[in-house]
Amino acid sequence: MGDGEPRVPTAIAVTSADMALPPQDERTLPAAVLQDVDRRPLDHVLAELQTLVDQCGHVIVVCSEAVPAGVERRLHTVRALLETDRIALFRPPLPPLGIAVLARQLRQLASCDLGPGVLASAGRLLTHYIHAGALLGSVARLDRVPVDLKAHARSWVPGSQFGVVAHPEPQLVRIGAEATLSGPEFGTSLLVAKGQLPSDWVTGTLAPAWRVQGLREAALPAESSGWWGTGRLTEFCAYLPDLSVLYQLVTSVRQDACHWCGIDVIGDRCVFCSATPPVYDDDAGGGGRGGGASGRDRALGHRRDPALGRRRERRALTG
């Protein structure tokens with residue numbers, strides 16, 4: 001890993017204490033916990049995030065799609081009031097335990113020589129390597145994964161259990177002698193969070209089938225029962241635990257400067273300002289033979305003259 005000049009690590013924030021998993025290794029940085037942002041006075045939350053920005057330069061808030069709507073609204077309000085592109089709200093399509101794992105991976109990487117834009121973009125990349133699911137006692141209220149009528153009917157049979165993978169590809173099986181779930185084709189560790197359902201199938205059947213290289217337990221996030229539609233569950237998540245592997249994955253991807261805010265990123269969207277690459281009409285501004293610069297040339301120069309050509313871009317607040 002690089003030996004660049006000393007810098008203040010980018011802050012990785014979560015929206016509740018149970019989403020701040022214990023360190024994976026000695027380099028894992030602590031999470032900034034934004035507790036009860038929808039219930040505390042607005043000026044308190046404003047001051048807390050302003051302090052984080054002042055201390056760390058940039059803040060990446062990783063939160064679940066299952067957080068109360070008031071939490072998301074408050075985070076957007078604070079970001080708008082602070083008038084800053086230094087706060088990123090990242091809500092990947094993962095169950096709560098997967099969100100906690102991803103946040104910890106970013107906390108690991110925050111100790112490395114990665115700029116804030118690359119670190120924020122790494123969240124999108126690493127999401128693809130997370131396999132997240134649960135053992136459920138009922139799928140009657142599950143709306144995050146397709147459930148057919150047969151599974152719904154079986155859900156009412158006493159003692160029924162279902163193995164579900166929500167990410168990267170939806171899977172659902174009724175637990176039985178032949179029940180299998182497709183898992184990662186690379187070495188992972190498995191994190192298990194037990195709710196109101198025994199975890200025997202996950203630890204005794206799923207873990208060996210997925211050939212996990214390590215198994216750890218964690219507390220079940222408070223958001224999990226709402227996300228999965230039942231409290232009768234054990235949640236699990238297979239992930240890449242080693243910092244060296246995470247770092248190699250991220251640094252192997254080409255970096256580019258965001259055309260809007262200028263920060264270095266990987267991928268096609270800046271998580272901080274939410275800008276996507278502009279599209280230029282090649283005939284704008286004097287196209288044709290001997291006419292003007294190509295669309296690519298105008299893209300490279302548009303920060304010096306935003307009026308050059310006809311620029312089409314899409315911006316949004318959410319990650």
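Not measured: the values here are computed from a predicted model.

A. Representation of the pattern of salt bridges. In this structure the tally under the stated criterion is 6 salt bridges. Across the pair Glu48 and Arg40 runs a salt bridge, and its minimum N-O distance is 3.0 Å. Glu72 is the salt-bridge partner of Arg91, the closest N and O atoms lying 3.4 Å from each other. Pair noted here: Arg91 is in the loop between strand 4 (87–90) and helix 3 (96–109) and Glu72 is in helix 2 (residues 69–82), with a separation of 19 residues, a long-range link. Judged by its relative accessible area of 18%, Arg91 falls in the buried class. A single network of salt bridges, built from pairs that share partners, joins Glu65, Asp143 and Arg144.

B. Spatial organisation of the sheet that holds strand 4. As summarised here, the arrangement of the 4 strands in space is 2-1-3-4, forming an open sheet in which the pairing is parallel. Two strands lie at the open edges of the sheet, namely strand 2 (32–33) and strand 4, each paired on one side alone. Two strands pair when backbone bridges link them, and strand 1 (residues 11–14) and strand 2 are joined in this way by 2 bridges, in the parallel orientation. Paired with Ala13 across the bridge in strand 2 is Ala32. Its contacts with the sheet place helix 2 against strand 3 (59–62) and strand 4, and it is angled at close to 160° to strand 4. Across the face of the sheet, helix 3 comes into contact with strand 1, strand 3 and strand 4 while running at roughly 165° to strand 1.

C. Structural view of the nonpolar core. Counting 48 residues, the largest nonpolar core has Ile12, Leu109, Leu114, Leu119 and Val250 as its most contacted members. In terms of residues, this core owes the most to one element, helix 3, which gives 8 residues. Counting residues in hydrophobic clusters, the runner-up holds 21 residues, among them Val37, Leu49, Val53 and Leu89.

D. Focus on the environment of Val212. Positionally, Val212 belongs in the loop between helix 6 (200–209) and strand 9 (215–218). Put simply, Val212 and Thr188 are 24 residues apart on the chain and 5.3 Å apart in space, counted from C-alpha to C-alpha.

Cut-offs applied
Residues numbered from 1 in each chain as written. Predicted model: local features only at pLDDT ≥ 70, side-chain atom pairs only at ≥ 80, totals over all residues. Heavy atoms only, no water. Salt bridge = Lys/Arg side-chain N within 4 Å of Asp/Glu carboxyl O. Helix = DSSP H or I, 4+ residues; strand = E, 2+ residues; numbered from the N terminus. Buried < 20%, exposed > 50% of the residue type's maximum accessible area, 1.4 Å probe, protein only. Pairing = 2+ DSSP bridges. Contact = heavy atoms within 4.5 Å. Axes fitted to C-alpha atoms, helices over the stretch in contact; angles between N-to-C directions. Core = buried A, V, L, I, M, F, W, Y, C linked by side-chain atoms within 4.5 Å.

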